[in-house]
Amino acid sequence: MDRPFLSLLLLTGFLSGTTLSAQTFTNGQNATGLIGQTSFTSGGFSNLANRLSSPRGTAFDPVNGKVYVVDSFNHRVLRFPAAATGQVGALPEAVFGQANFTNNLANRGLASPTDSTLHFPRAAFVDTQGRLWISDGSNNRVLRFDNAAFLGNGAPASAVLGQANFTTATAGASGSTLNSPHGLVVGPDDALWVADRVNHRVLRYNAVTSKANGASADVVLGQPDLTSVDANQGGPAAADTLREPVGIALDASGNLWVGDSVNHRVLRYAAAGGIIVNGIAASQVLGQANFVSVVSNRGATRAADGLDTPFSVHAGLDGDVWVGDFGNKRVLRYRDAASRGDGIVADLVLGQVDFATEVPAASVNGMVGPFHIGPGPEGSILVSDFDAHRMTRFDPVNVAPTIRVTGSKKITTTQSSVTLRGTAADSDGSVASVRSTVNNKPATASGTTSWSLRARLKPGKNQIKLRSVDDLGLSSAIVTVTVTKR
């Protein structure tokens, strides 16, 4: 399938708010893949090709499955094939920001940046056209790499924002400058959102792929205008203020979610693509009971409703919102978050065995400093662990459907046929079909969650086997009904 056609499908799903099957994860479950270390218990940082040094971000290309890891302290971004994320210690296939897999100097040791160098990159994102966007934090800029999946080592960027050209790195407080940019995301409307951390704001660049290098942003959140940069606008926190925003994400309904790190909260801005007024107030808050509270863990012992320095946000197409709760050394999931109120309780935790525990651990199910969380291949979740110098992959533990037969499973009759009825269910998705065999010949039942099957009988013993199949292709256990025709 070519990229334009699949991109259209992805775009259609994004705009329509298509709900995908919920993926099942369990509290404290084990990771299934590892990048940056040779085992789940090894540690330390390195500039070797299969090692990492304080990684911050990840990015996933849904068209070809490529995965990008922002290896911040090695001043590079590594590209991996999709299969690598399910392995342990796999090698990357390309590097951005360095000429090879062993160099690790900021800006390649040059006095000024170029179009092919990086200095403490913070985050990355791949849009539906295969463009890789990198927030180049200490160069105070965002770089765009076109056709990133096909670029070789040290490839030059195609465009730059935050600077007028590729050779300057000055921090600034205007519509055309940035100061330590972090999280970024491109929506289906070709608008780029950037968390401009030290300027305590989030910027939107409309029609970003058509903008010239160094162009101004069009809309700002967290500040009343494009030149104000005070934390919480110089006063107490409110629904329209920010203090060091880091992670951002767009959900399928067009809501923008922002990890407002030092305010220990995540904010939701409804219908973000339609915002035309600077400094608009957020619509919902996670991690705090209201918009004026900013205490870590809501001033209590860590629990399912509090946050401590949330650095990252991922919004799934199924309505779930995931938060990298850095200070609590965990990742939280909020099921169907936008439809609920302020200060809601998370329903799942990764990195800890429960919501009350905070034990840093470089282990198969532990975390030390989860900085970024994002989507990965096959419905997986990717977590960059800043302090453990690694990226881990968590796969959904999808549950098979079930099937029940109404009445007895042993029947005696004089009729030439029998009609069986029953129900089927799937806890993490939907039932696609109910399939059966009658004396080893295939037959399909009518209905799904409530089904019926009319089977013709031969004299003597007849064996009817039934199973349900869910939308992921998983099958239930087989139920056998024996019918004796006299």
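Residues numbered from 1 in each chain as written. Predicted model: local features only at pLDDT ≥ 70, side-chain atom pairs only at ≥ 80, totals over all residues. Heavy atoms only, no water.

**Examining the overall build of the protein**
Right, so step 1: A count of helical and extended segments in the protein gives one helix and 33 strands.
Right, so step 2: Scaling as 2.2 N^0.38, a compact globule of 486 residues should have a C-alpha radius of gyration of about 23 Å, and the protein matches this with 26 Å.
Right, so step 3: If one aligns the C-alpha atoms of the protein with their principal axes, the spans along those axes are about 90 × 50 × 45 Å.
Right, so step 4: Across the protein, the fraction of contacts at a sequence separation of at least 24, relative to all contacts at a separation of at least 6, is 53%.
Right, so step 5: Accessible surface, the protein as shown: approximately 18,200 Å² in total, 53% of it carbon and sulfur.
Right, so step 6: Computed over 41 positive and 36 negative side-chain charges, the inter-centroid distance for the protein is 14 Å. (Helix = DSSP H or I, 4+ residues; strand = E, 2+ residues; numbered from the N terminus. Rg over C-alpha atoms; globule rule 2.2 N^0.38 Å. Contact = heavy atoms within 4.5 Å. Areas by Shrake-Rupley, 256 points an atom, 1.4 Å probe, with all protein chains shown as cover. Lys, Arg positive; Asp, Glu negative; His and termini not counted. Charge placed at Lys NZ, Arg CZ, Asp CG, Glu CD.)

**Section: the nonpolar core**
Right, so step 1: Core analysis: the biggest nonpolar cluster contains 19 residues, and Trp 193, Val 202, Ile 248, Leu 256 and Tyr 269 have the highest contact counts within it.
Right, so step 2: Formed by 18 residues, the second largest nonpolar core is a distinct cluster that contains Val 405, Ala 424, Val 481 and Val 483. (Core = buried A, V, L, I, M, F, W, Y, C linked by side-chain atoms within 4.5 Å. Buried < 20%, exposed > 50% of the residue type's maximum accessible area, 1.4 Å probe, protein only.)

**So, the sheet that holds strand 3 (residues 67-71)**
Right, so step 1: Taken together, the four strands give an open sheet; going across it, the order is 2-3-4-5, and neighbouring strands pair in antiparallel fashion. A strand with exactly one partner marks an edge of an open sheet, and here the two such strands are strand 2 (58-60) and strand 5 (94-96). Here the average twist between neighbouring strands, direction ignored, is 20°.
Right, so step 2: Looking at chain direction, strand 2 and strand 3 are connected through three bridges and run antiparallel. Its bridge partner being in strand 3, Ala 59 is matched across the sheet by Tyr 68. (Pairing = 2+ DSSP bridges. Axes fitted to C-alpha atoms, helices over the stretch in contact; angles between N-to-C directions.)

**Some points on the confidence of the model for the protein**
Right, so step 1: Of the residues in the protein, 95% have a pLDDT of 70 or more, and the chain-wide mean is 93.
Right, so step 2: Note on residues 1-21: pLDDT under 50 across the span, and 33 contacts to partners over four residues away in sequence or across chains. (pLDDT = per-residue confidence, 0-100.)

**Remarks on the sheet that holds strand 27 (residues 417-425)**
Right, so step 1: If you walk across this open sheet you meet the four strands as 25-27-31-30, and the pairing is antiparallel. Each edge of the sheet is formed by a strand with only one pairing partner; in this case those strands are strand 25 (402-405) and strand 30 (446-447).
Right, so step 2: Bridging between strand 30 and strand 31 (residues 450-456) involves two bridges; their strand directions are antiparallel. The residue bridging Ser 446 from the neighbouring strand is Ser 452, located in strand 31.

**Observations concerning unusual backbone geometry**
Right, so step 1: Phi at Gln 233 takes a positive value of approximately 55°, unusual for a residue other than glycine.
Right, so step 2: With respect to the helices and strands, the residue Gln 233 is situated in the loop between strand 13 (219-221) and strand 14 (245-250).

**Focus on the pattern of salt bridges**
If the charged atoms of two oppositely charged side chains come close together, the side chains can form a pair.
Right, so step 1: Scanning the model with the defined rule gives 18 salt bridges in all.
Right, so step 2: Put simply, Lys 211 and Asp 218 hold a salt bridge, and the shortest N to O gap is 3.1 Å.
Right, so step 3: Classification of Asp 218 by relative accessible area gives partly exposed; the value is 33%.
Right, so step 4: With its nearest N and O atoms 2.5 Å apart, the salt bridge here joins Asp 347 to Arg 333. One end of the pair, Asp 347, is in the loop between strand 20 (330-334) and strand 21 (348-350); the other, Arg 333, is in strand 20, and 14 residues separate them in sequence.
Right, so step 5: Put simply, Lys 66, Arg 79 and Glu 93 are held in one network by salt bridges that share partners. (Salt bridge = Lys/Arg side-chain N within 4 Å of Asp/Glu carboxyl O.)

**Thoughts on the side chain of Arg 265**
Right, so step 1: With respect to the helices and strands, Arg 265 occurs in strand 16 (residues 265-269).
Right, so step 2: At 2.8 Å, the side chain of Arg 265 and the backbone oxygen of Phe 291 are in polar contact.
Right, so step 3: With residues near it in sequence (within four places) discarded, Arg 265 still touches Ala 237, Ala 238, Thr 241, Val 258, Gly 259, Asp 260, Val 285, Leu 286, Gln 288, Phe 291, Leu 307 and Pro 310. (Polar contact = N/O pair within 3.5 Å; in protein donor to acceptor, adjacent residues only side chain to side chain.)

**Some words on the side chain of Gln 352**
Right, so step 1: Residue placement: Gln 352 occurs in the loop between strand 21 and strand 22 (370-375).
Right, so step 2: The exposure class assigned to Gln 352 is buried, which follows from its relative accessible area of 4%.
Right, so step 3: For Gln 352, the side chain forms a polar contact with the main-chain nitrogen of Val 359, separated by 3.0 Å.
Right, so step 4: Apart from the residues within four sequence positions on either side, Gln 352 is in contact with Asn 27, Gly 28, Asn 328, Lys 329, Arg 330, Thr 357, Glu 358, Val 359 and Asn 365.

**As for the pairing of strand 32 (residues 460-470)**
Consecutive side chains along a regular strand alternate between the two faces of the sheet.
Right, so step 1: Pairing analysis gives seven bridges linking strand 28 (residues 431-438) to strand 32, with the strands arranged antiparallel. Considered in strand 32, the bridge of Arg 435 is made with Arg 467.
Right, so step 2: With seven bridges joining them, strand 32 and strand 33 (residues 479-485) adopt antiparallel strand pairing. Looking at strand 33, one finds that Gly 460 is bridged to Lys 485.

**Concerning the packing of aromatic side chains**
Right, so step 1: Taken as a whole and judged by the stated rule, the model has nine aromatic pairs.
Right, so step 2: With a centroid separation of 6.1 Å and 50° between ring planes, the pair formed by Tyr 68 and Phe 96 is classed as tilted. Taken together, the positions of Tyr 68 in strand 3 and Phe 96 in strand 5 put the pair 28 residues apart, joining distant regions of the chain. By the burial criterion, Tyr 68 is buried, and Phe 96 matches it.
Right, so step 3: With a centroid separation of 4.6 Å and 35° between ring planes, the pair formed by Phe 311 and Phe 371 is classed as tilted. One end of the pair, Phe 311, is in strand 18 (residues 310-315); the other, Phe 371, is in strand 22, and 60 residues separate them in sequence. Across this residue pair, the class does not change: Phe 311 and Phe 371 are buried.
Right, so step 4: The structure contains a cluster of three or more aromatic residues connected by ring pairs, namely Phe 73, Phe 120, Phe 311, Phe 326, Phe 371 and Phe 386. (Phe/Tyr/Trp six-rings, centres within 6.5 Å; stacked < 30°, edge-to-face > 60°.)

**Concerning the environment of Arg 302**
Right, so step 1: In this fold, Arg 302 is placed in the loop between strand 17 (284-286) and strand 18.
Right, so step 2: As a C-alpha pair, Arg 302 and Ala 356 span 54 residues in sequence and 5.5 Å in three-dimensional space.
Right, so step 3: Once residues within four sequence positions are removed from consideration, Arg 302 is found in contact with Asn 297, Asn 328, Arg 330, Phe 355, Ala 356, Thr 357 and Glu 358.
Right, so step 4: One polar contact links the side chain of Arg 302 to the main-chain carbonyl oxygen of Ala 356, over a distance of 3.5 Å.
Right, so step 5: Among the polar contacts listed, one links the side chain of Arg 302 to the side chain of Glu 358, at a separation of 2.6 Å.

**A short note on the environment of Gly 287**
Right, so step 1: Mapped onto the elements of the fold, Gly 287 is located in the loop between strand 17 and strand 18.
Right, so step 2: Placed 74 residues apart in sequence, Gly 287 and Ala 361 show a C-alpha to C-alpha distance of 23 Å.
Right, so step 3: For Gly 287, the contacting residues outside a window of four places in its chain are His 264, Arg 298, Asp 305, Gly 306 and Leu 307.

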